[in-house]
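# Inside the fold
Residues per chain, in single letters:
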Amino acid sequence: MRNGPSRRIPQVDEKMERFDAQVRGVHRAAEFVILEGPPSVVEALYRAVHAADDLAEVMRRMVRDAHAGDTSRKAADTAPAAEREHLLYQALKGLRAAAPDVLGDSRIRVS
């Protein structure tokens, strides 16, 4: 259901900006851990990066649809987005547990 051209939706845009910042934080942590961290942290790191990227894919589609006024996939995207958000939370929790010394010295925040 398209309602015309793309429009700004402040709440959606702000949430996506915060999420994009978190994804960038995960990728910065990944770069740092790959360069400076012990190999034992790499598995937790990859889980976090992949979980962030998987959620970003769904969220970007949802934002594009919202801007276009297309509600046809909203119900179908809500459950996968929630599941992927939970997987990301778990992956970040695992990364924080696996790499506190490495990330703590870097000043990189993984929230």
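For the structure itself, look to the data block above.
Everything in this summary refers to the structure shown in the same document. Quick caveat, the model's predicted, so the values are computed rather than measured.

With that settled, the discussion passes to the environment of A30. Relative to the assigned elements, A30 resides in helix α1 (residues 10–36). Residue classification places A30 among the buried positions, given a relative accessible area of 9%. Non-local contacts of A30, meaning those with residues more than four positions away in its chain, are made with L45 and V49.

This part covers the environment of L88. Mapping L88 onto the fold places it in helix α3 (residues 74–98). In the structure, L88 is positioned 39 residues away from V49 in sequence and 8.5 Å away in space, judged by C-alpha atoms.

Below, the discussion takes up the pattern of salt bridges. Summed over all chains, the structure comprises four salt bridges. The salt bridge partner of R60 is D20, with a shortest N-O separation of 3.1 Å. Placement of the pair is R60 in helix α2 (residues 42–68) and D20 in helix α1, with a sequence separation of 40 residues. When its relative accessible area of 37% is taken as the criterion, R60 is described as partly exposed. Note that R47 and E43 form a salt bridge whose closest N and O atoms lie 2.8 Å from each other. Placement of the pair is R47 and E43 together in helix α2, with a separation of four residues, close to one helical turn. We classify R47 as partly exposed; its relative accessible area is 44%.

Thresholds applied
Residue positions are given per chain, counting from 1 as you read along its sequence in written order. Thresholds applied to this predicted model are a pLDDT of at least 70 for local features of residues and 80 or more for the giving and counting of side-chain atom pairs; totals over whole chains, interfaces and linings are not thresholded and use all residues. To get the side-chain values, all heavy atoms of the structure are used, and hydrogens and water are removed first. Only DSSP runs of H or I with at least four residues qualify as helices, and only runs of E with at least two residues qualify as strands; both kinds are numbered from the N terminus onward. Exposure is judged per residue with a 1.4 Å probe applied to protein chains only, and the accessible area is read against the type maximum: over 50% gives exposed, under 20% gives buried, and values in between give partly exposed. Contacts are assigned to residue pairs with any non-hydrogen atoms lying within 4.5 Å of each other. The salt bridge criterion pairs a side-chain nitrogen of Lys or Arg with a carboxyl oxygen of Asp or Glu, the two atoms within 4 Å.

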